[in-house]
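Residue-level structural notes
So the chains spell out like this:
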Amino acid sequence: MGKKVIEIKNIRKDFGKRTVLRDVNFDVHEKEVVSIIGSSGSGKSTLLRCINLLEKPTSGQVLIHGKDAMAGDVSLVTLREKVGMVFQQFNLFNNLSVLENCVIGQMKVLKKSREEAEKIAKEFLAKVGMERFIHAKPNQISGGQKQRVAIARALAMQPEVLLFDEPTSALDPEMVGEVLKVMKDLAKSGLTMIVVTHEMDFAHDVSSRVVFMDQGVIVEDDKPENIFGNPKHERTKEFLSRML
Ligand code: ADP
Ligand code: MG
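Read on for a plain summary of the structure. Just so it is clear, the model here is predicted, and its values are computed rather than measured. (Residues numbered from 1 in each chain as written. Chains lettered and ligands numbered in written order. Predicted model: local features only at pLDDT ≥ 70, side-chain atom pairs only at ≥ 80, totals over all residues. Heavy atoms only, no water.)

What follows is about unusual backbone geometry. Positive phi values are uncommon outside glycine, yet Glu166 reaches one of about 45 degrees. Within the secondary structure layout, Glu166 lies in the loop between strand S7 (161-165) and helix H6 (173-188). A relative accessible area of 13% means that Glu166 is categorised as buried. (Helix = DSSP H or I, 4+ residues; strand = E, 2+ residues; numbered from the N terminus. Buried < 20%, exposed > 50% of the residue type's maximum accessible area, 1.4 Å probe, protein only.)

Here you go:
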């Protein structure tokens, strides 16, 4: 296995009196694709948001390449640069063109020149099959196309790990495949990915590991063949019997 990119140690997250994550521990190594599965409300999004500190864990540690993000050993800017995120609702800037969506972060955060940023943006837009739409606005393209642009935008920042929070859940069924195809290609290319998903085929076929969460804890963390073929915990079995 490659180097550890992310280490999550004993993360706990409370919202008021409610504990939504407890004793969460896991590592992600270079080139791993980790799928996180579990029922709605089990804490999957909160965990992803804790990894790039969109939510501040109540206690515990988030290490990026061994550096403690909560202790400030890496700045928030650097953290968000290294850890990209793709959201269920795309979060594109609707007033900006497809190209501009993929350029702006590179210029503002990475301080790239416009010329260089456009070159890189076009490269990644081509990779997701959106090079013909660079001048379109988000409201002129489909949901699947928007999500592919959002992926290109995240990639243009050249992150070390990319987090996906249910990237296909807001899509019409006929558009799910094109986004999963892009994600599959990224996985093959060696991108380190953490993917919250209800797409069990993706979790099974593409992931190097599957994490099953229930009620704020990691119940099971194993290879896909074990999670799907030989789940050890009753709660995993019960969840999968509802999903498959
Ligand atoms: P999942 O992504 O698995 O559906 P979430 O991480 O979104 O689960 O939510 C886990 C629990 O935390 C849920 O009960 C949710 O209501 C609660 N929660 C999430 N975000 C907040 C918040 N900002 N304030 C209060 N409760 C929250
Ligand atoms: Mg969620």
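The sheet built from 6 strands is open, its strands ordered S6-S7-S8-S3-S9-S10 with mixed pairing. Since the sheet does not close on itself, it has two edges, and those belong to strand S6 (83-86) and strand S10 (217-222), each with one partner. Across the sheet, the mean angle separating the axes of adjacent strands is 20 degrees when strand polarity is ignored. Where strand S3 (residues 33-37) meets strand S8 (residues 192-196), 4 bridges bridge the pair, whose relative direction is parallel. For Val33, the partnering residue across the bridge sits in S8 and is Met193. Packed on one face of the sheet, helix H5 (residues 143-156) meets S6 and S7 and runs near 175 degrees to S6. (Pairing = 2+ DSSP bridges. Axes fitted to C-alpha atoms, helices over the stretch in contact; angles between N-to-C directions. Contact = heavy atoms within 4.5 Å.)

Here we take up the packing of helix H4 (residues 114-127) against H5. Axis separation between H4 and H5 bottoms out at 9 Å; the angle between their running directions is 135 degrees. Accordingly, the angle class assigned to the pair H4 and H5 is oblique. Taken as a pair, H4 and H5 cross one another with a handedness that is right-handed. Only Val149, Ala152, Leu155 and Ala156 of H5 make contact with H4, whose side of the interface consists of Ile120, Phe124 and Leu125. (Parallel < 35°, antiparallel > 145°, perpendicular 65-115°, else oblique. Left-handed = near helix turned anticlockwise from the far one by under 90°.)

On to the layout of surface pockets. The gaps left among the atoms become clear once a water-sized probe is rolled over them. Reported here for the largest pocket is a volume of approximately 580 Å³. Taken together, 22 residues form the lining of the largest pocket, with Arg80, Met85, Gly105, Arg153 and Met157 sitting closest to its centre. Elements represented by at least two residues in the lining of the largest pocket include exactly helix H2 (76-82), S6, helix H3 (98-108) and H5. Per-element accounting of the lining of the largest pocket gives the leading share, 6 residues, to H3. Tallied by class, residues from the lining of the largest pocket come to 12 nonpolar, 6 polar and 4 charged. (1 Å grid on protein atoms, 1.4 Å probe; cavity = no way out; pocket = protein on both sides within 12 Å on 5 of 7 lines; lining within 4 Å. Points joined across faces, edges and corners; volume = space filled by probe spheres on them. Nonpolar A, V, L, I, M, F, W, Y, C, P; charged D, E, K, R; others polar.)

Within the secondary structure, Gln147 sits in helix H5. Look past the residues within four positions of Gln147 in its chain and what remains in contact with it is Val86, Phe87, Gln88, Phe90, Pro167 and Val179.

A word on helix H1 (residues 44-51). Burial within H1 is extensive, with 6 of its 8 residues counted as buried. All of the buried residues along H1 are Lys44, Thr46, Leu47, Leu48, Cys50 and Ile51. In the segment just after H1, Leu53 is the residue with positive phi, at about 60 degrees.

Once that is clear, we can look at the site of ligand 1. Ligand 1 sits among Phe15, Arg18, Val20, Ser39, Ser40, Gly41, Ser42, Gly43, Lys44, Ser45 and Thr46. In this structure, an oxygen atom belonging to ligand 1 sits 2.8 Å away from a side-chain N or O atom of Lys44. Computed on the free molecule, ligand 1 has an accessible area of 560 Å², of which 62% lies beneath the protein chains in the complex. Elements with a contribution of two residues or more to the shell around ligand 1: strand S2 (18-29) and H1. Sorting elements by how many residues they give to the shell around ligand 1 places H1 first, with 3 residues. (Near = heavy atom within 4 Å. Polar contact = N/O pair within 3.5 Å; in protein donor to acceptor, adjacent residues only side chain to side chain. Areas by Shrake-Rupley, 256 points an atom, 1.4 Å probe, with all protein chains shown as cover.)

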